[in-house]
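# Residue-level structural notes
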There are 4 protein chains.
Amino acid sequence: MVEPNTLAGPIGDNSGENPAEHLTGDAVDRLRGIIERIERLEEERKALAGDIKDIFNEAKSAGFDVKAVREIIRLRKQEPGDVEEHRTLVDLYKRELGM
Amino acid sequence: MVEPNTLAGPIGDNSGENPAEHLTGDAVDRLRGIIERIERLEEERKALAGDIKDIFNEAKSAGFDVKAVREIIRLRKQEPGDVEEHRTLVDLYKRELGM
Amino acid sequence: MVEPNTLAGPIGDNSGENPAEHLTGDAVDRLRGIIERIERLEEERKALAGDIKDIFNEAKSAGFDVKAVREIIRLRKQEPGDVEEHRTLVDLYKRELGM
Amino acid sequence: MVEPNTLAGPIGDNSGENPAEHLTGDAVDRLRGIIERIERLEEERKALAGDIKDIFNEAKSAGFDVKAVREIIRLRKQEPGDVEEHRTLVDLYKRELGM
DNA sequence: CGGCCGTCTAAGGATC
DNA sequence: GATCCTTAGACGGCCG
């Protein structure tokens with residue numbers, strides 16, 4: 001699945017030498033590319049976080065309780081995924097424990 | 001700062017009644033809109049997180065040490081001064097403790 | 001509240017000199033004590049974590065669904081703390097949103 | 001691996017019936033015991049966490065940099081070799097990237 | 001060996 | 001302005 005990497009990472013086969021002394025030029029390019037792509041995506045992530053925050057502020061200005069809104073969103077997120085079997089067991093235990 | 005909101009949030013002035021019994025229809029619509037917009041943005045966020053993870057996996061497959069790559073990214077996003085100051089203190093403590 | 005500390009931390013007033021070059025002997029002792037006490041407590045914590053894990057294993061061997069048991073414990077932990085006002089709002093929003 | 005448990009877990013052999021309808025009384029007792037023991041241990045864990053926090057606060061009051069102290073503790077609990085290896089890689093990457 | 005879950009740290013926001 | 005709490009990210013251990 002992973003092609004034998006000849007370029008990236010510390011060049012393993014500099015036998016006997018001080019390990020990890022260099023990367024090939026290609027490896028450096030690859031590394032740089034990886035880092036830059038990640039940084040780019042993280043910027044987008046940050047922008048989205050800002051947008052979300054703005055909406056929460058709007059909610060607050062409109063008089064909603066932000067904390068409660070957050071909880072609603074959390075609930076909506078988890079309930080569908082509640083695999084039935086799990087739910088069933090939790091309910092069974094709750095019932096049997098008198099909760 | 002917040003204009004008196006007539007629609008959103010528990011209607012405060014149902015004097016004497018059980019508080020927070022209803023929202024106006026408009027408030028419900030507003031709330032729903034807020035929630036849906038946030039959910040939409042969170043999906044995008046999640047997608048980006050997935051993309052980032054993929055790149056880290058690519059890095060790993062290419063033979064890079066993911067943890068070290070993470071640290072590089074972290075360092076690049078910090079004020080060099082801060083890092084240095086922290087490092088200096090850690091080294092001081094280590095030295096004084098004989099580590 | 002905080003007595004002026006003359007011993008601990010980088011000695012601030014070595015004016016003009018390279019900052020943070022030394023700690024007083026007393027500060028070193030104090031630091032060492034702090035670290036050792038924390039390490040001791042963390043060990044105890046770890047031991048407890050082990051005990052807890054053992055019990056979960058016992059539960060599993062007895063045929064209980066560990067994940068469900070975890071959720072039960074989580075529920076028992078949070079329900080009492082649900083401040084009423086918050087609960088009320090969440091319920092209001094849920095109702096109004098038809099959840 | 002798990003001996004057929006006759007008491008705990010959903011009673012599997014109510015053949016054909018709605019599954020997971022009941023636990024035996026013994027199973028309920030067992031479950032309750034498990035939960036209570038875990039809760040007890042978690043309380044102790046929490047107490048220890050509080051103690052640790054107190055010590056960090058003491059450190060802060062004494063003028064130490066808490067973040068640096070944390071790092072010291074982290075370093076002490078790691079294999080020195082690991083730390084070094086990590087450091088070496090980070091430095092290699094930094095160098096190769098011209099940082 | 002990879003993914004999942006839980007925990008812990010660090011940052012940001014809310015509160016007083 | 002300081003502190004506290006809450007949230008998001010990183011990390012390690014566990015399970016499959």
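Computed from a predicted structure; not experimentally measured. (Residues numbered from 1 in each chain as written. Chains lettered and ligands numbered in written order. Predicted model: local features only at pLDDT ≥ 70, side-chain atom pairs only at ≥ 80, totals over all residues. Heavy atoms only, no water.)

## Considering the interface of chain C and chain D
So the rule is basically this: Working rule for contacts: check all heavy atoms of both residues, and any pair within 4.5 Å makes them a contact. The term buried area refers to how much accessible surface (probe radius 1.4 Å) is lost by two components on association, counted for both of them together. The salt bridge criterion pairs a side-chain nitrogen of Lys or Arg with a carboxyl oxygen of Asp or Glu, the two atoms within 4 Å. In the analysis that follows, any N or O atom pair within 3.5 Å is treated as a polar contact, provided that within protein one partner can donate a hydrogen and the other can accept it, and provided that, for residues neighboring in sequence, both atoms belong to side chains. A run of DSSP states H or I qualifies as a helix once it reaches four residues; a run of E qualifies as a strand once it reaches two. Both are numbered from the N-terminal end. Just so you know the grouping, Ala, Val, Leu, Ile, Met, Phe, Trp, Tyr, Cys and Pro go in nonpolar, Asp, Glu, Lys and Arg go in charged, and all remaining residues, Gly too, go in polar.
Between chain C and chain D, the residue contacts involve 36 residues of the former and 37 residues of the latter. Of the roughly 3500 Å² buried between chain C and chain D on both sides combined, carbon and sulfur atoms contribute 69%. Close ionic contact of Arg30(C) with Glu58(D) constitutes a salt bridge, the shortest N to O distance being 3.7 Å. Remark: the boundary between chain C and chain D carries seven residue pairs in polar contact (both at pLDDT 80 or more). Among the secondary structure elements, those contributing two or more residues to the side of chain C that touches chain D are helix H1 (25–61) and helix H2 (66–78) of chain C. A per-element tally of the side of chain C that touches chain D places H1(C) first, with 22 residues. Residue composition of the side of chain C that touches chain D, by class: 21 nonpolar, four polar and 11 charged.

## Regarding the relation of the copies chain B and chain D
So the rule is basically this: Superposing the copies works by least squares over the C-alpha atoms of residues that have pLDDT at least 70 in both of them.
In screw terms, the move from chain B to chain D is a rotation of 179° and a rise of 0.0 Å along the axis, fitting with an RMSD of 0.2 Å. Here the transformation between the copies is reduced to the relation of a two-fold axis. Relative to the rotation axis, the C-alpha of Arg87(B) is the closest in chain B, positioned 6.3 Å from it. Comparing interface residues between copies, 100% of those in chain B also sit at the interface in chain D, which points to an isologous, same-surface contact.

## Quick look at the side chain of Glu96(C)
Put simply, the rule is: Classification of residues uses two cut-offs on accessible area relative to the type maximum, computed with a 1.4 Å probe and protein chains only: under 20% is buried, over 50% is exposed, and between them is partly exposed. Neither His nor the chain ends is counted toward charge; the positive residues are Lys and Arg and the negative residues Asp and Glu.
Examined against the element boundaries, Glu96(C) turns out to sit in helix H3 (residues 84–96). Of the side chains bearing the opposite charge, Arg95(C) lies closest to the buried Glu96(C), which forms no salt bridge; the N-O distance is 4.9 Å. Not counting residues within four places of it along the chain, the set of residues in contact with Glu96(C) comprises Glu21(B), His22(B), Leu23(B), Val28(B) and Arg32(B).

## Some details on the relation of the copies chain C and chain D
Least-squares fitting of chain C to chain D yields an RMSD of 2.7 Å, with the superposition described by an axial translation of 0.6 Å and a rotation of 178°. Same-surface contact between copies: 100% of interface residues of chain C are shared with the interface of chain D.

## So, the pattern of salt bridges
Using the criterion set out here, one finds 25 salt bridges over all chains in the structure. Among the ionic pairs, Lys77(A) bridges to Glu42(B), the shortest N-O distance being 3.3 Å. Here Lys77(A), found in helix H2 (residues 66–78), pairs with Glu42(B), found in helix H1 (residues 25–61), and the two come from separate chains. Under the relative-accessibility criterion, Lys77(A) is labelled exposed at 55%. Classification of Glu42(B) by relative accessible area gives partly exposed; the value is 25%. One salt-bridge network, in which partners are shared between bridges, spans Arg30(A), Arg37(A) and Glu58(B).

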